[in-house]
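Tertiary structure, described
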Amino acid sequence: MLLVAAPPVSAATLQTLVDNGDSSNRVDITIVGDGYTSAELGLFGTDAQALVDRLFAQAPFDVYTSHFNVHRVSEASAQSGGRDSATDPKDIAFDSYFNCAGIARLLCANSSKVYAALASVAVPDMYDIVVVLVNDARYGGAGGALAVASTNTQSSEIVLHELGHSFGLLADEYTTQPPTCSSASEPVQVNATKETDRNLVKWAAWIDPGTPVPTTTTTPATPGIYEGARYCPTGLYRPTSNSKMRSLYQPFEQINSEQLIRRIYNFMSPIDSVDPPVANVGLAPGELHTFSVVTNDPSTHTLDVSWEFDGTPVGTGPSFDVDSNDVQVGSHTLEAIVTDPTALVLTDPDGILTDRYQWSLGGVACGDGFVSGTEECDDGNTQPGDCCAGDCTFESSGSPCTDSDLCTEGSTCDAAGVCGVPVTCDDASLCTADSCDPDSGCVYTPALPPACQAAARADLKIGLKTPASKNFLKMKLQTFSGAVPNLGDPVSTTAYEFCLFDGSGVLRTASSASIQAGPDWKAKPGVKVQYNDKTGTADGVIKIRLSVSRSLRTKGRMLARGELFNAPAPLGSSMLGASPTFVFANDVGACWQAGFDSTAVRRNDADKFTARY
């Protein structure tokens, strides 16, 4: 029995508004329209373009426009406008509604439907940032995994502020509550601090020696140490008197702009392409070989390019020539170093604004490990049987072969130098990213699932006991999704999985922490489902309850006991370290996530962890 009807097949279409290059090396913004009827899709195009124009008129995005692509996703709604509340029956594509969480201006959308529509028309690289634009003139918006805004002219300011959070990882700089003020520990965000020493504050490089600290001037764009930030009137400090993270219609100002630029380079490299596009290059005698890089320059300046040969600086500029007559026999390296010298960034401790590309250079002999001249392949030897023959040509299709690559299996060549076929690495876990290493084989790296919905409320308790069979985990979470999420059919087909990441990103739950469909699941009256297994055979899980209330709030509870943790020994004096994350997901696309920062954690020692928000 299917407990919740699956959403209809998306009729979404995608159009690119700004194309500045390959999405794999750009920050891609996708604007999704909601509440636009088929007759109003032209209006959506106009509204989306107006939003784009306002976004890229704002510093620092105006300087880095070339670093972004912009798309719009259109899907016609049966009715026009946003919904008045979560229970409003208006039929629109992504269920956007005002009065979210009882706040009139808070405008929420159904993230599950939005991401399903995106997945139907685009690859993930094409929606690094998602903005839902609702065809309604009322003032409203929201942030989080999705930025949501109405067509009210002020809403673009909300989008920019929320992008400061979700994209820039910036803190709010205002002092009103809620959320609750907490000044007990140093904030992780770059624009809030407890520190009052000008030499130790995070943005010390921006503070003029003549600026007093703490700072009280109201002069715009004057970096200092201003009391009041992150909901606290006292005890925490912000970098400037006012900014967009404090008040709408203000610039981001220096420290926040610096962070936004660093975040842009977190998504992309300053190097767009290189020539030649292969890392190993053979140099023929008497050959003059040109190496070059293509950079993505901001609107106000060009990027710096320098070259090093065997680690020694040899030149600057977008290209460099290597004359093989001047190169001694043997292996060498040539490296291009590209840096953004913008004056908008004074500190770059992780070197985000710099990238390098290195070529390995070698001679022309078959068997030297460099493909050059008429060679089809060169694997560093002249022995056949590895799909590269002794004369550096590909062995024919079907030729027997052996190799040491654990990411391939089989024993015949494919006539293109590959022995066997690629291994498929899939541990069926939603909590790991699957890859393959030629030397070690399949690699399963702990990773948060994409497009996971943040819980509006969460409660997590963990206890480590002796013996370990008495360990326990209790979870409660609640979301405000705006529509019934797809709970699937765990009675018959849908599997669920939970995972717990400590503050260092280590997966602490058992590698097979999954609950399969079966008779331990029961459907209950209403939109409810319950799992009971007193023996805890599925990684110690004893009970799960999932329900959707009339107000469209999804609630989940789980109880587990036993040896359900990887490395249960404490990390230092705490069980999970700072900021652990709990994820509960199913294999039909529903995913709920609770991240607990220092304000939510009540206890975190070697024996017990409790957190609530």
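In this report, the structure presented in the accompanying data block is examined. Only a predicted model underlies this, so the values are computations on that prediction, with no experimental measurement involved.

1. Re empty space enclosed by the protein
Gaps between atoms show up when a probe of the same size as a water molecule is rolled over them. Counted according to the given criterion, the structure contains two cavities of 30 Å³ or more. Each pocket or cavity is described by its volume, and for the largest cavity that value is around 70 Å³. Along the walls of the largest cavity sit Ile-29, Leu-55, Phe-56, Phe-61, Phe-68, Ile-129, Leu-160, Leu-163 and Phe-167, which together make up its complete lining. When grouped by side-chain class, the residues that make up the lining of the largest cavity number nine nonpolar, no polar and no charged. Looking at the second largest cavity, its volume works out to about 30 Å³.

2. Some remarks on the state of the cysteines
Using the criterion set out here, one finds eight disulfides in the structure. Two residues, Cys-401 and Cys-419, share a disulfide whose sulfurs are 2.1 Å apart. Taking the sign of the torsion about the S-S bond as the criterion, the disulfide between Cys-401 and Cys-419, at about 95°, is right-handed. Of this pair, Cys-401 sits in the loop between β16 (354-362) and β17 (408-413) while Cys-419 sits in strand β18 (residues 419-422); the two residues are 18 residues apart in sequence, bridging distant segments of the chain. Take Cys-401 and Cys-419: they sit in the same class, and that class is buried. Across a sulfur-sulfur distance of 2.0 Å, Cys-425 and Cys-442 are joined as a disulfide pair.

3. Some remarks on helix α1 (residues 41-55)
Over its 15 residues, α1 extends 21 Å from the first C-alpha to the last, a length consistent with the 21 Å expected when each residue adds 1.5 Å. Looking at the packing, one finds that the buried side of α1 touches β1 (13-18), β2 (27-34), β3 (68-74), β4 (129-134) and α3 (155-166).

4. Concerning the pairing of strand β28 (residues 541-548)
Extensive coverage of β28 is indicated by the burial of six of its eight residues. Note that β28 and strand β29 (residues 553-561) share seven bridges and pair antiparallel. In the sheet register, Leu-546 faces β29, and the bridge partner there is Gly-556.

5. As for the side chain of Arg-263
As for its placement among the helices and strands, Arg-263 is situated in helix α4 (residues 253-267). We note that Arg-263 is buried and unpaired, the nearest opposite charge coming from Asp-128 at a distance of 9.2 Å. Not counting the four nearest positions on each side in its chain, Arg-263 is found in contact with Ser-166, Phe-167, Gly-168 and Leu-169.

6. Quick notes on the pattern of salt bridges
Taken as a whole and assessed by the stated rule, the structure comprises 10 salt bridges. Linking Asp-136 and Arg-138 is a salt bridge whose minimum nitrogen-to-oxygen distance equals 2.9 Å. Beyond isolated ion pairs, a larger network of salt bridges with shared partners links Asp-84, Asp-136 and Arg-138.

7. Considerations on the packing of aromatic side chains
A complete count under the given rule lists 19 aromatic pairs for this structure. Pairing Phe-167 with Phe-267 gives two aromatic rings, centres 5.3 Å apart and planes at 35°, and the pair type is tilted. Here the residue Phe-167 occupies a position in the loop between α3 and β7 (226-229), and Phe-267 occupies one in helix α4, the gap between them amounting to 100 residues. The exposure class of Phe-167 is buried, given its relative accessible area of 3%. Counting every residue linked through ring pairs, the aromatic cluster contains Phe-291, Trp-307, Phe-320, Tyr-357 and Trp-359. Sitting over the ring of Phe-252, Lys-244 keeps its end group 5.8 Å from the ring centre. The cationic tip of Lys-474 hangs over the ring face of Phe-472; the distance from NZ or CZ to the ring centre is 5.7 Å.

8. Re the sheet that holds strand β5 (residues 141-142)
On the basis of which strands lie adjacent, the open sheet formed by six strands has the order β1-β3-β2-β4-β6-β5 and mixed pairing. Two strands close off the open sheet at either side, each with one partner strand: β1 and β5. Direction of pairing for β2 relative to β4: parallel, over a ladder of six bridges. Pairing of Thr-30 across the sheet is with Val-130, part of β4. Each of β1, β2, β3 and β4 is contacted by helix α2 (residues 111-121), which is oriented at about 115° to β4, the strand it contacts most.

9. Details of the environment of Glu-258
Looking at the secondary structure, you find Glu-258 in helix α4. Residues Glu-258 and Cys-431, spaced 173 residues apart in sequence, show a C-alpha to C-alpha distance of 33 Å. Setting aside its immediate chain neighbours within four residues, Glu-258 contacts Trp-206, Leu-344, Val-345, Leu-346 and Thr-347.

10. Structural notes on the nonpolar core
Counting 52 residues, the largest nonpolar core has Ile-31, Trp-307, Leu-334, Trp-359 and Leu-361 as the members making the most contacts within it. A total of five residues in this core trace back to one element, the largest contributor, which is α1. Not counting chain neighbours up to four residues away, the residues in contact with Ile-31 comprise Phe-44, Ala-48, Leu-51, Val-52, Val-70, His-71, Arg-72, Val-73, Val-131 and Leu-133. Judged by nonpolar contacts, the second largest core, of 34 residues, contains Phe-498, Ala-513, Leu-546 and Phe-584.

Reading the values: rules and limits
Residues numbered from 1 in each chain as written. Predicted model: local features only at pLDDT ≥ 70, side-chain atom pairs only at ≥ 80, totals over all residues. Heavy atoms only, no water. 1 Å grid on protein atoms, 1.4 Å probe; cavity = no way out; pocket = protein on both sides within 12 Å on 5 of 7 lines; lining within 4 Å. Points joined across faces, edges and corners; volume = space filled by probe spheres on them. Nonpolar A, V, L, I, M, F, W, Y, C, P; charged D, E, K, R; others polar. Disulfide = S-S within 2.5 Å. Helix = DSSP H or I, 4+ residues; strand = E, 2+ residues; numbered from the N terminus. Buried < 20%, exposed > 50% of the residue type's maximum accessible area, 1.4 Å probe, protein only. Expected span 1.5 Å × (residues − 1). Contact = heavy atoms within 4.5 Å. Pairing = 2+ DSSP bridges. Lys, Arg positive; Asp, Glu negative; His and termini not counted. Salt bridge = Lys/Arg side-chain N within 4 Å of Asp/Glu carboxyl O. Phe/Tyr/Trp six-rings, centres within 6.5 Å; stacked < 30°, edge-to-face > 60°. Lys NZ or Arg CZ within 6 Å of the ring centre and 35° of its normal. Axes fitted to C-alpha atoms, helices over the stretch in contact; angles between N-to-C directions. Core = buried A, V, L, I, M, F, W, Y, C linked by side-chain atoms within 4.5 Å.

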